[in-house]
Amino acid sequence: MDKKHLLKQLQSLRLKLHEIAEARGSLTDPDVLAISEEADQLIVALQYIQRNELTHITIRRDNL
């Protein structure tokens, strides 16, 4: 997946998480936790992409 797509998904989940948490009045509601876990997975995927981008930039810079 590309970074832009993951960022859009994460933004959508963030809004959904806020709406459901507010509607349920609980951060420990099972639906809130499920969305939070899904967002966590996207964050990890984005961190992986970011780390790889930085590694490639460093390698290219070192080869100059």
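What comes next concerns the included structure. (Residues numbered from 1 in each chain as written. Predicted model: local features only at pLDDT ≥ 70, side-chain atom pairs only at ≥ 80, totals over all residues. Heavy atoms only, no water.)

### Let's talk about the overall build of the protein chain
Operational definition: In this description a helix means any DSSP run of H or I spanning at least four residues, a strand means any run of E spanning at least two, and both kinds are numbered starting from the N terminus. Radius of gyration means the value over C-alpha atoms here, while the globule rule gives 2.2 Å times the residue count to the 0.38 power. Exposed residues in this analysis have more than 50% of their type's maximum accessible area, buried residues have under 20%, and partly exposed residues fall in between, with area computed by a 1.4 Å probe over protein chains only. Contacts: residue pairs with any heavy atoms within 4.5 Å of one another. Note on areas: these come from Shrake-Rupley sampling with a 1.4 Å probe, and a residue is covered only by the protein chains present in the view.
Along the backbone of the protein chain there are 2 helices and 0 strands. For a compact globule of 64 residues, the expected C-alpha radius of gyration is about 11 Å, and the protein chain comes in at 16 Å, more than 25% above that figure. Dimensions along the principal axes, computed over C-alpha positions, put the protein chain at roughly 55 × 20 × 15 Å. Looking at the protein chain residue by residue over its 64 residues, the buried ones come to 17%. Across the protein chain, the fraction of contacts at a sequence separation of at least 24, relative to all contacts at a separation of at least 6, is 56%. Per element, the accessible surface of the protein chain, about 5,300 Å² overall, is 57% carbon and sulfur.

### Here's the deal with the pattern of salt bridges
Stated formally: A carboxyl oxygen of Asp or Glu within 4 Å of a side-chain nitrogen of Lys or Arg is what we treat as a salt bridge.
Counting across every chain of the model gives 3 salt bridges. Where arginine 24 meets aspartate 29, a salt bridge forms, and the shortest distance between an N and an O atom there is 2.9 Å. Note on arginine 24: relative accessible area 43%, which makes it partly exposed. What makes aspartate 29 buried here is its relative accessible area of 16%. Aspartate 31 is paired through a salt bridge with arginine 24; the nearest N and O atoms lie 2.6 Å apart. Using a relative accessible area of 37% as the deciding quantity, one classes aspartate 31 as partly exposed.

### Re the nonpolar core
Using the following cut-off: What is meant by a nonpolar core is a set of buried Ala, Val, Leu, Ile, Met, Phe, Trp, Tyr and Cys residues, joined one to another through side-chain atoms within 4.5 Å.
Leu6, Leu13, Ile20, Ala21, Val32, Ile35, Ala39, Leu42, Leu46 and Ile49 form the largest nonpolar core, which has 10 residues in total. Elements that contribute at least two residues to this core include exactly helix H1 (3–24) and helix H2 (30–62). A per-element tally of this core places H2 first, with 6 residues.

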